[in-house]
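# Structural features, examined
Read off the chains here:
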Amino acid sequence: MKILVIHGPNLNLLGTREPDQYGTLTLEQINNKILSCAKNQNVEVKIFQANSEGEIISEIHRAIGNFNGIVINPAAYTHTSVALRDALLAVELPTVEVHLSNIYKREDFRKQSLISDVVLGVISGFREQSYILGLEALLHHLKDNKS
Ligand code: DQA
């Protein structure tokens, strides 16, 4: 089982970026937690971060035939990117959307996600634990749907 974890723009600055919203862990510390969860679950995980929409979309395209599913925190592109939505629809891979903060508790423009209705589900508001819960939810789904 191979899972692709994608972090969107500005998440490379975690640790110092708006700690009240996103916590104080760095992206590297969060990635280590994801990798140790993957090890416990016996799955292979690739982690990718990019600040530009095109790089994220190309990485989603490259997932075809190489990964069983995707966990994605699209960050600000959640609220703006039709291209991201179309890429997820195109690759037809089971995907879980995650957010560190609870996007429904914040500004109105963050309450709309352009991908929520094309993914398996959304986990939002549990800081770094959102990624772990998202990965576990995706693995449950993949195991249940294994032929
Ligand atoms: C975020 C929420 C987004 O609204 C924001 O633009 C981010 C991070 C989160 O993880 O809470 O960059 O996706």
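Residues numbered from 1 in each chain as written. Predicted model: local features only at pLDDT ≥ 70, side-chain atom pairs only at ≥ 80, totals over all residues. Heavy atoms only, no water.

### Topic: the pattern of salt bridges
Applying the stated criterion across every chain yields a total of 7 salt bridges. Put simply, Glu 18 and Arg 17 hold a salt bridge, and the shortest N to O gap is 4.0 Å. The class of Glu 18 is partly exposed, set by a relative accessible area of 40%. Look at the salt bridges and you will find they share partners, linking Lys 46, Glu 59 and Arg 62 into a network. (Salt bridge = Lys/Arg side-chain N within 4 Å of Asp/Glu carboxyl O. Buried < 20%, exposed > 50% of the residue type's maximum accessible area, 1.4 Å probe, protein only.)

### A look at the site of the ligand
In the neighbourhood of the ligand, the contacting residues comprise Arg 17, Tyr 22, Asn 73, Ala 75, Ala 76, His 79, His 99, Leu 100, Ser 101, Ile 103, Arg 106 and Arg 110. Asn 73 is positioned with one of its side-chain polar atoms (N or O) 2.8 Å from an oxygen atom of the ligand. One nitrogen or oxygen atom from the side chain of Arg 110 is found 2.9 Å from an oxygen atom belonging to the ligand. Each residue belonging to the shell around the ligand can be placed in one class, and the counts come to 5 nonpolar, 4 polar and 3 charged. (Near = heavy atom within 4 Å. Polar contact = N/O pair within 3.5 Å; in protein donor to acceptor, adjacent residues only side chain to side chain. Nonpolar A, V, L, I, M, F, W, Y, C, P; charged D, E, K, R; others polar.)

### Examining helix 3 (residues 53–62)
Three- or four-residue spacings in an α-helix give side chains the same orientation, since the helix completes a turn every 3.6 residues. The complete set of buried residues in helix 3 reads Ile 56, Ile 57, Glu 59 and Ile 60. Taken around the axis of helix 3, the buried residues stretch over an arc of 160°, which confines them to a single face. The inward-facing, buried residues of helix 3 abut strand 1 (2–7), strand 2 (44–49), strand 3 (69–73) and helix 4 (82–91). (Helix = DSSP H or I, 4+ residues; strand = E, 2+ residues; numbered from the N terminus. Arc of directions from axis to C-beta. Contact = heavy atoms within 4.5 Å.)

### Thoughts on the sheet that holds strand 5 (residues 121–124)
With parallel pairing, the 5 strands of this open sheet are ordered in space as 2-1-3-4-5. Every interior strand has two partners, whereas the edge strands, strand 2 and strand 5, have only one. Pairwise comparison of adjacent strand axes, ignoring direction, gives a mean angle of 20° for this sheet. Two elements, strand 3 and strand 4 (residues 95–99), share 3 bridges in a ladder whose sense is parallel. Within strand 4, the position partnered with Val 71 by the bridge is Val 96. Against the sheet, helix 2 (residues 27–40) engages strand 1 and strand 2, with an angle of about 160° to strand 2. (Pairing = 2+ DSSP bridges. Axes fitted to C-alpha atoms, helices over the stretch in contact; angles between N-to-C directions.)

### Observations regarding the environment of Gly 69
If you trace the backbone, Gly 69 turns up in strand 3. Residue classification places Gly 69 among the buried positions, given a relative accessible area of 0%. In this structure, the C-alpha to C-alpha distance between Gly 69 and Lys 2, residues 67 residues apart in sequence, is 7.2 Å. Excluding residues that lie within four positions of it along the chain, Gly 69 makes contacts with Lys 2, Ile 3, Leu 4, Pro 94 and Leu 138.

### A short note on the environment of Ile 30
With respect to the helices and strands, Ile 30 occurs in helix 2. Classification of Ile 30 as buried rests on a relative accessible area of 1%. Along the sequence, Ile 30 and Gly 15 sit 15 residues apart, while their C-alpha atoms lie 9.8 Å from each other. Ignoring anything within four residues of it in the chain, the contact list for Ile 30 reads Leu 14, Leu 25, Leu 100, Glu 128 and Tyr 131.

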